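Overview (structure and organization)
The chain contents come next:
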Amino acid sequence: MALLEIENLQTHFRTPDGVNRAVDGVSFNVEAGETLAVVGESGCGKSVTAMSILRLIPEPPGRIAGAIRFQGRNLLELSDREMRDIRGNEISMIFQEPMTSLNPVLTVGRQIGETLRLHQGLNRQQAEARAVEMLQLVGIPEPQRRVREYPHQLSGGMRQRVMIAIALACNPKLLIADEPTTALDVTIQAQILDLMRDLKRRVGAAIVLITHDLGVVAEVAERVVVMYAGRKVEEAQVGPLFRTPRHPYTQGLLGSVPKLGSSLTGTETRLAEIPGLVPSLKQKIPGCVFASRCPHATDLCREVAPALEEKAPGHVAACHYAAREGAMAA
Amino acid sequence: MLAYVVRRILATIPVMAVVALFVFSLLYIAPGDPAAVIAGDQATPEDVERIRASLGLDRPFLVRFGEWVIRILQGDLGVSIFTNLPVTTMIAQRIEPTLSLMVLTLILAVVVAIPMGVLAAWKQGTWIDRGVMAFAVLGFSVPVFVVGYLLAYVFALELEWLPVQGYTSFSAGFWPWLENLILPAVALGSVYIALIARITRATMLEVLSQDYIRTARAKGASQGSILFLHALKNAAVPIVTVIGIGIALLIGGAVVTESVFAIPGLGRLTVDAILRRDYPVIQGVVLLFSFIYVLVNLAIDLVYTLFDPRIRY
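What comes next is a walk through the structure. (Residues numbered from 1 in each chain as written. Chains lettered and ligands numbered in written order. Predicted model: local features only at pLDDT ≥ 70, side-chain atom pairs only at ≥ 80, totals over all residues.)

1. Describing the interface of chain A and chain B
In this assembly, 24 residues from chain A lie in contact with 19 residues from chain B. Its residues assigned to classes, the side of chain A that touches chain B shows 10 nonpolar, 9 polar and 5 charged. (Contact = placed C-beta atoms within 7 Å. Nonpolar A, V, L, I, M, F, W, Y, C, P; charged D, E, K, R; others polar.)

2. Describing the sheet that holds strand β5 (residues 73-74) of chain A
All names here are of chain A. Taken together, 4 strands build an open sheet; the order of strands is β2-β1-β4-β5 and the sheet is antiparallel. A single partner strand is all that each edge strand has here, and the edge strands are β2 (18-30) and β5. Relative to strand β4 (residues 62-70), strand β1 (residues 4-15) runs antiparallel, the two sharing 8 bridges. Among the inter-strand pairings, Glu5 is bridged to a residue of β4, identified as Arg69. This element, helix α1 (residues 46-53), spans β1, β2 and β4 of the sheet and lies at about 70° to β2. (Pairing = 2+ DSSP bridges. Helix = DSSP H or I, 4+ residues; strand = E, 2+ residues; numbered from the N terminus. Axes fitted to C-alpha atoms, helices over the stretch in contact; angles between N-to-C directions.)

3. A few points about the packing of helix α5 (residues 87-122) of chain B against helix α6 (residues 127-141) of chain B
Residue and element names in this part refer to chain B. Direction vectors running N to C along α5 and α6 enclose 140°, while the axes themselves pass 8 Å from each other. As far as their axial angle goes, α6 and α5 are oblique. Where α5 crosses over α6, the handedness of that crossing is left-handed. Touching Met116, Leu119 and Ala120 of α5 are Ile128, Asp129, Val132 and Met133, all from α6. (Parallel < 35°, antiparallel > 145°, perpendicular 65-115°, else oblique. Left-handed = near helix turned anticlockwise from the far one by under 90°.)

4. Considerations on helix α7 (residues 186-203) of chain A
All names here are of chain A. End to end, α7 covers 25 Å across 18 residues, agreeing with the expected 26 Å (1.5 Å per residue, within 8%). Looking at α7, one finds that the buried residues are Gln189, Ile192, Leu195, Met196 and Leu199. Around the axis of α7, the buried residues are gathered within 125° of arc, so they sit on the same side. For α7, the exposed residues lying more than 90 degrees away from the buried face are Val186, Thr187 and Arg201. (Expected span 1.5 Å × (residues − 1). Buried ≥ 20, exposed ≤ 12 C-beta atoms within 10 Å, placed from the backbone. Arc of directions from axis to C-beta.)

5. A short note on unusual backbone geometry
Residues and elements named next belong to chain A. Positive phi is not limited to glycine here, since Asn8 has a value of about 50°. Topologically, Asn8 is positioned in strand β1. Taking the number of C-beta atoms within 10 Å as the measure of exposure, Asn8 has 11 and is therefore exposed. Of note, the phi angle at Glu179 is positive, near 50°, even though the residue is not glycine. By the secondary structure assignment, Glu179 is in the loop between β7 (174-178) and α7. The exposure class of Glu179 is buried, given the 20 C-beta atoms found within 10 Å.

6. Concerning the packing of helix α7 (residues 144-158) of chain B against helix α8 (residues 174-208) of chain B
All names here are of chain B. The N-to-C vectors of α7 and α8 enclose an angle of 145°; their axes lie 9 Å apart at closest approach. Judged by the sense of rotation from one axis to the other, the crossing of α7 with α8 is right-handed. In this structure, α7 uses Val144, Val147, Gly148, Leu151, Ala152, Phe155 and Ala156 to contact α8, whose residues at the interface are Leu183, Val186, Ala187, Leu188, Ser190 and Val191.

What follows is the structure, given as structure tokens:
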């Protein structure tokens, strides 16, 4: 049994002009201790998938269907009370915006201590002592002093360290990181990724890393799920995915990554781009969701939605034309 | 912090000076001659002139203003034209009922309005929210005296739960004191509750959509903790500001409420003084009210630092 099994997840939002199918039938598993990256463009449903796992989607207007089994229990069937016991304790989450994700009027110590008091029944002093240890663990200097400070007294990188401290305080089995480094400077990004990797090893938590940054994926992930327009279009181990991407969308994503120094070595090429935009999620798309932007699309693609099939061992993709083994047939 | 407090207190001096000038000249310009009122219908013009001279009303405006200010600074608000008692004495006699009414109303309003606003924001768009908003509109639009008479009719005359009117000093015991003040406080508080509930709802709605509220949910915090710790503390500054500004509403409303419920407070004293053109009393009371208002709002500026660590003086 996998740690987390997501089966046919559908998160829809009722809006005045129709139902927005932000996530439409996504399935994937996360094994204990593994790092899974979920990648895709803005608006492809990555963050909504992450928020759905912890049921942080406001309902209504949102509605989550399918099954999210964590250690065998379907989270969608739990009461609010049972769900609160899981949040921040067995599954915790860090967010994209460290500048706004911490409460500006509570001390850092109080915010770290809150999870400990909620889930481990520590009293105020114990929680604060533990908060100091957590700050030390995430590499914040002078934790004794910092623990009494407020978020506005910390830099962006430090705030994200505090978020990580909050998330890891109760030794969760699963950490969901939604674009944890996007809002940070490049040098700080590397530090935060190193920190996450290091702590993951110590705590033994599995990580679901939501990102659009393929550099980050290559750096930390073991397995990758590629999402497009609310669906999963490809899933593979990170090596095979980067070496032989099967889905044209994944190929487009990889082609649009700038290569450092390509202009110096004389191999300068124009950056590939994927033309067009993610289609509106408010209409049902009969065929392949990527057909409108795919360079290889045919009438078959526009009419019949391709099923996810195993193109190589452990490597699935949803494309009529992606070859089962080897390069594109089209 | 201390430097800031001193600076703010010094800054109240020009404010109070303007208030004083305004209060003084308003009554100077106002129609009606107190000398004529005191002299009565039978008086000759010479009598009126004599009384005017004895009151000092015949001397130039600025001279009288200067003298008046100097006396006030010495703690002397003058002597009532009508009762011949010092104004400070008259205020001292009447201040307890008014302060009791205002403090009780303030507590009632805050205790009722903040949970109401929080609830409305949490249940945005439901019938609870609509109910609170409807109450707020009603609270704003129905005048204090209408609410007052209605409450007195229902709870005092018909149900006989509470006294119709009057005031019992706090020294006579807590319950007799409270009994007489419940209806006036509810009547006076209705506008204030509406005001605070509305601002609480609006501010909470904004705060509840912030990222740190999502963080709190992701930590497993309960709904109560999210609303009253994570959100309300962030919403506190605008709410407290409105509570401070609303003190002006209370002062204005107290005058009407004291008349409706026959409470012998400063409001009644003001009304009586206006009817008798008792200049020194009117001036004294208005100055006192302005001073209280300025002080309360200074206190509120200082209270901000308790709620928001980003505010430093």
